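A structural walkthrough
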Amino acid sequence: MAAHLVSVLSPLAGRVRAGLASAPGDGLQGDALIGAARAAALAADPGETRVSGPSLYRLSLGERSVVVADAALVRLFELLRRLAASSLPVLVHGETGAGKENAAWAVHHWSPRSAQAFVALNCAALPESLVEGELFGHERGAFSGADRARAGLLERASGGTLFLDEVAELSLPIQAKLLRALDQQVITRLGDSRERPVDLRVVAATHRVLADEVKAGRFRQDLFFRLSAAVVVLPPLRDRPRELPLLARAFLEDACARAGRPALHLSAATMALLGAHAWPGNVRELKHVLEYAAATSPGPVVEPSHLPESLREGLERMDVEPVEGLREGTETTVPRAFQNLAEELRTLERQRMVEALEATGGVQTRAAQLIGMPLRTFAFKLKQHRIASRGRGPAVE
């Protein structure tokens, strides 16, 4: 049975973008289908209808691409696309490593300024003594070591987009100078008295709540109002479960390509472990984990033992959880009565493969598709789990 959903982003005649998703290919739940359809529509050109599929979860943004599959992130990028057409400054809230720079790049890519420079500064990465010169530039002799004149980031971003990551880390004096530059669209280099015109579109980002920083006196209220004309909130990776397997496979594929080794595949047990992790470092942490796996896995399948030890130890510590509501002096933990998690996952994986072969009459290609496993991995796992397909059903050796 197949059902289809269409998502339309723009109602203007001749400018409609539509996406088509189907069940069971894109899922069986309504929210999953809607998310897939909206992701396809987001990737479509005006006047075009796109059909959902794995390639469409990679949203092409010029020289970059991002995975956009979860409904919440699809809605966010739809909003960014609409905001890009305006000149409003955009403030992106999100945890460290969640992909705030990709959101800023999307605003630039979809804006009328896309042909001009995109200039990024991590405000937390530079000592305060260097931030002013980096932002505003300097003339020769402005300070010790300034042997030549240098344009700052605001000048280099003129006509394009300036991305200020972790903007809350700027000192109050630098905040005041930045506010003047944004309000008057002029800058003055260190060691110079001339004002130079600039044409800036600013996207700022922070993992802090800027309104709280204003109340605490650490961030200027007038600059906060200047930067927050449009505010978007980037959900953390743990709230985007649909994207985790897509991102994991994409990062693993990229890491293998850079290492010049054959493609690897993630076992069901490994994917389950990745799904159980809280990912405090978000997308950046996931990328590093898959790069580690690509470097250390003997192949062709990445198993839980090939993941960083710190990740596996963190999950093992979650096996014992405190019980809330117990009286003082009583037992406060649940005794473990489980088999090794990796073994339990392997048992489940084997069971699902047997069930898939039974459902498809022993046809391996269809069975692999049914459980979302690459055929090459499926064939490898048949031998690993000692499963043989005979006649119209699976046999276990």
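Scroll up for the structure.
Residues numbered from 1 in each chain as written. Predicted model: local features only at pLDDT ≥ 70, side-chain atom pairs only at ≥ 80, totals over all residues. Heavy atoms only, no water.

1. What about the side chain of Ser297?
Residue position: Ser297 is located in the loop between helix H11 (282-296) and strand E16 (301-302). Take Ser297: its relative accessible area is 3%, and that puts it in the buried class. A polar contact of 3.3 Å, which involves the side chain of Ser297, links it to the side chain of His306. Aside from chain neighbours lying at most four places away, what touches Ser297 is Arg261, Leu264, Val302 and His306. (Helix = DSSP H or I, 4+ residues; strand = E, 2+ residues; numbered from the N terminus. Buried < 20%, exposed > 50% of the residue type's maximum accessible area, 1.4 Å probe, protein only. Polar contact = N/O pair within 3.5 Å; in protein donor to acceptor, adjacent residues only side chain to side chain. Contact = heavy atoms within 4.5 Å.)

2. What to know about the pairing of strand E14 (residues 230-233)
Put simply, side chains in a regular strand alternate between the two faces of the sheet. Burial of E14 is one-sided: the residues Ala230 and Val232 facing one way are buried, the residues Val231 and Val233 facing the other way are not. Bridge count between strand E6 (residues 90-93) and E14: four bridges; the pairing is parallel. Across the sheet, residue Leu91 finds its bridge partner in E14, namely Val231. (Pairing = 2+ DSSP bridges.)

3. Things to note about the nonpolar core
In terms of nonpolar packing, the biggest core is built from 31 residues, with Leu135, Leu154, Leu162, Leu164, Val167, Phe219 and Leu227 touching the most fellow members. Contributions of two or more residues to this core are made by strand E7 (118-122), helix H4 (128-136), helix H5 (153-156), strand E10 (161-165), helix H6 (172-184), strand E13 (201-206), helix H7 (210-215) and helix H8 (221-227). If you tally residues by element for this core, the top one is H6, at five residues. If we skip the residues at most four places from it in the chain, Leu227 touches Pro89, Val90, Leu91, Val167, Leu182, Val202, Ala204 and Phe219. Counting residues in each nonpolar core, the second largest holds 27 residues, with Leu61, Ala98, Ala104 and Leu234 among its members. (Core = buried A, V, L, I, M, F, W, Y, C linked by side-chain atoms within 4.5 Å.)

4. Focus: the packing of aromatic side chains
Aromatic ring pairs are described here by two measures, namely the spacing of the ring centres and the angle between the planes. Applying the stated criterion to the full structure yields four aromatic pairs. Taking 6.4 Å as the distance between ring centres and 85° as the angle between the ring planes, the aromatic pair formed by Phe77 and Trp110 counts as edge-to-face. Placement of Phe77 in helix H2 (residues 71-84) and of Trp110 in helix H3 (residues 100-110) is noted, with a sequence separation of 33 residues between them. Both residues of the pair, Phe77 and Trp110, count as buried. Ring centres of Phe224 and Phe225 lie 5.6 Å apart, and the angle between their planes is 45°; on these two criteria the pair is classed as tilted. Members of the aromatic cluster, joined through ring pairs, are Trp105, Phe118 and Phe163. (Phe/Tyr/Trp six-rings, centres within 6.5 Å; stacked < 30°, edge-to-face > 60°.)

5. Section: H4
Those residues of H4 that sit buried are Val131, Glu132, Gly133, Leu135 and Phe136. In the segment just after H4, Gly137 is the residue with positive phi, at about 80°.

6. What about the layout of surface pockets?
Where empty space is left in the structure can be found by rolling a water-sized probe over the atoms. What the second largest pocket holds in volume is close to 820 Å³. Taken together, 35 residues line the second largest pocket, and the ones lying closest to its centre are Gly99, Asn102, Phe251, Val283 and Lys287. When residues of the lining of the second largest pocket are assigned to their parent elements, the largest contribution, seven residues, is made by helix H9 (residues 243-259). By residue class, the composition of the lining of the second largest pocket is 15 nonpolar, seven polar and 13 charged. (1 Å grid on protein atoms, 1.4 Å probe; cavity = no way out; pocket = protein on both sides within 12 Å on 5 of 7 lines; lining within 4 Å. Points joined across faces, edges and corners; volume = space filled by probe spheres on them. Nonpolar A, V, L, I, M, F, W, Y, C, P; charged D, E, K, R; others polar.)

7. Considerations on the sheet that holds E10
The parallel open sheet is built from five strands, whose spatial order is E7-E10-E13-E6-E14. Strand pairing shows two members of the sheet lacking a second neighbour, E7 and E14, which therefore form its edges. Sheet twist, expressed as the average angle between the axes of neighbouring strands with direction ignored, equals 15°. Pairing of E6 with E13, which is carried by four bridges, proceeds in the parallel orientation. By the bridge assignment for E13, Leu91 is matched with Ala204. In the packing of H2 onto the sheet, contacts are made with E6, E13 and E14, and the angle to E14 comes to roughly 160°. (Axes fitted to C-alpha atoms, helices over the stretch in contact; angles between N-to-C directions.)

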